Amino acid sequence: MLDNPFNRAVTVLDGRLTVHDESAIATPAMDKLVYTAVFGDADDRDDARWLIWEIGQAVGVQASSIHDLYLARGAGKTGGFTVPAMNIRGMAYDTARSLFRAAIKLRVGALILEIARSEIAYTDQRPAEYVAAMLAAALREGFRGPVFIQGDHFQVNAKKFAVDPVTEVNGVKQLAREAIAAGFYNIDVDTSTLVDLSKPTLQEQQQTNYEQAVELALTVRDLEPEGVTISIGGEIGEVGTQNSTVEELETYMDGFNETLEKRSTGTEGLSKISVQSGTTHGGVVLADGSIADVKIDFDTLARLSKIAREKYGLAGAVQHGASTLPDSAFHNFPHTETAEIHLATNFQTMLYDNIPQALRSEIYEWLRQNATDERKPTDTDEQFFYKTRKKALGPFKRRFWELPADVKARLAKVYEEKFSFLFTQLAAINTREIVDRFVKAVEQHKPQPHPDLAVVEAAPDDADLSD
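Nothing here was measured: the structure is a model prediction, and the numbers come from that model. (Residues numbered from 1 in each chain as written. Predicted model: local features only at pLDDT ≥ 70, side-chain atom pairs only at ≥ 80, totals over all residues. Heavy atoms only, no water.)

Enquirer: Give me the lowdown on the overall build of the protein, citing residues and values where you can.
Expert: The number of helices and strands found in the protein is 18 helices and eleven strands. The C-alpha radius of gyration of the protein comes to 22 Å, within 12% of the 23 Å expected for a compact globule of 467 residues. Structurally, the protein occupies a C-alpha span of about 75 × 55 × 45 Å along its principal axes. Here the protein holds 467 residues, and 57% of them are scored as buried. Of the contacts formed within the protein by residues at least 6 apart in sequence, a portion of 78% connects residues at least 24 apart. If you sum the accessible surface of the protein, you get close to 18600 Å²; carbon and sulfur atoms cover 49% of it. Looking at charge distribution, the protein has the averaged site of its 49 positive side-chain charges lying 4 Å from that of its 69 negative ones. (Helix = DSSP H or I, 4+ residues; strand = E, 2+ residues; numbered from the N terminus. Rg over C-alpha atoms; globule rule 2.2 N^0.38 Å. Buried < 20%, exposed > 50% of the residue type's maximum accessible area, 1.4 Å probe, protein only. Contact = heavy atoms within 4.5 Å. Areas by Shrake-Rupley, 256 points an atom, 1.4 Å probe, with all protein chains shown as cover. Lys, Arg positive; Asp, Glu negative; His and termini not counted. Charge placed at Lys NZ, Arg CZ, Asp CG, Glu CD.)

Here you go:
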């Protein structure tokens, strides 16, 4: 049976939660609660997740959509910054705490916490768990305001689609259903894998891409909670392939908008568009384990962002695979009015660089035994471990959460420094006021999983307790 870690500072009566002392939330009691939300038995886990969600509703830390901010950018009402969308894969809660500490210091409101379809699987973090960890981290650090949680690369697998398109698309729809119910109010629909460059015209190359994107977007719209317009992103070119062009963007957007209007007149469309301009996910790892230099075509990004805003009213272009760029590159994104960039691999690298050597060796031995089928004959050990170590994040999840205090302190410092650097370079500092101007969070309550759980309920005579 779940214990209430906040005692009388948080009470529940008839399924409604009340916070009497907000200072009690930002204490180790939250650490205990979120640990239960991740590792507790089924009933305690569900109760802990419900408590975190409802505490957020009570104090103004609410899962929200960035859609209205992005449309305001498309209308020319704001701009000059790039929103970092950060995949918090490993040691999720502690990493997010560092992120929110940096955000509070720099007054950053325009930031996205995300996890991709593939990451959900190999990190063993289902959407409800991820939402609980992100909201708990915000609450623990005293952050207030909308929290933008995003489904990154809700992607259709091209090979599976070719064999059984209905089943493959339905799999993405089911994931969207689970994610939206959990609080993912930003979804990147990725059907770019279905682009067929062997076809003679751009329209033929992009047709399956935009038609299936519409199919998924309509599902997302059907699943929206009342009062929420989910931010949906499309993608015109698979990351790691050839650079996108203005003509491809126009072909995709015209096809998407026309198809959407025919199928569901008046339905809200996309808020952003992902493009390819020279990056790859995770970077290209060399034989010694270092990452090859990447050259981003910032002129292409600028042109595509301009067309996306001025012709289609979107926030602009989105750049994936930016995590492994040199530090000197990041200031270019706001200058080109890139709407959003996705950052993931470098945070994972920082984690592995700072854990004890004994744990790292144990993980690498596990990879030798369990990921050997992913090793190419030409791979050095450094290349193999770099490419596969993400697969250990799920099996070793509890070990990462339970790292020694000194290791966590070291990681907290380097993470906070990195997040502060990125926020500054991307001109996302002082965007708290901009978010408040354009985004109105919607209060949403969820039914209590176990309403007879007396240990988290207050007796009627102390429901108004204020100490």
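What follows continues from the structure just given.
Enquirer: Explain the pattern of salt bridges residue by residue, including any values.
Expert: According to the stated counting rule, one finds 33 salt bridges in the structure shown. Measuring nitrogen to oxygen at the nearest pair gives 2.5 Å for the salt bridge that ties lysine 105 to glutamate 416. In this pair, lysine 105 sits in helix H4 (residues 92-106) while glutamate 416 sits in helix H17 (residues 405-425), placing the two residues 311 residues apart along the sequence. Glutamate 340 serves as the salt-bridge partner of lysine 272, at 2.9 Å between the closest nitrogen and oxygen. Of this pair, lysine 272 sits in strand S9 (residues 272-275) while glutamate 340 sits in strand S11 (residues 340-343), and the two are 68 residues apart along the sequence. Pair check on accessibility: lysine 272 and glutamate 340 agree, each one buried. A network of salt bridges, in which partner residues are shared, links Asp31, Arg97, Arg101, Lys105, Arg140, Glu141 and Glu416. (Salt bridge = Lys/Arg side-chain N within 4 Å of Asp/Glu carboxyl O.)

Enquirer: Kindly report on the pairing of S9, identifying the contributing residues and their values.
Expert: Side chains Lys272 and Ser274 of S9 all project onto a buried face; the interleaved residues Ile273 and Val275 project onto the opposite face, where all are buried too. Across three bridges, strand S8 (residues 231-235) lies against S9 in parallel orientation. From the neighbouring strand, glutamate 235 faces S9, where its bridge partner is serine 274. As defined by bridge partners, S9 adjoins strand S10 (residues 317-319) across three bridges and the pair is classed as parallel. Counterpart to isoleucine 273 in the pairing with S10 is alanine 317. (Pairing = 2+ DSSP bridges.)

Enquirer: An account of the nonpolar core is needed here, citing residue identities and associated values.
Expert: Among the nonpolar cores identified, the biggest contains 129 residues, and Ile52, Phe333, Ile363 and Phe400 are the most heavily contacted of them. Per-element tally for this core: the top contributor is helix H6 (residues 127-141), with ten residues. Discounting chain neighbours no more than four positions away, the residues touching phenylalanine 400 are Met91, Leu351, Tyr352, Ile355, Ile363, Ala392, Leu393 and Lys408. Among the nonpolar cores identified, the runner-up in size contains 16 residues, and Leu69, Tyr70, Ala85 and Phe148 belong to it. (Core = buried A, V, L, I, M, F, W, Y, C linked by side-chain atoms within 4.5 Å.)

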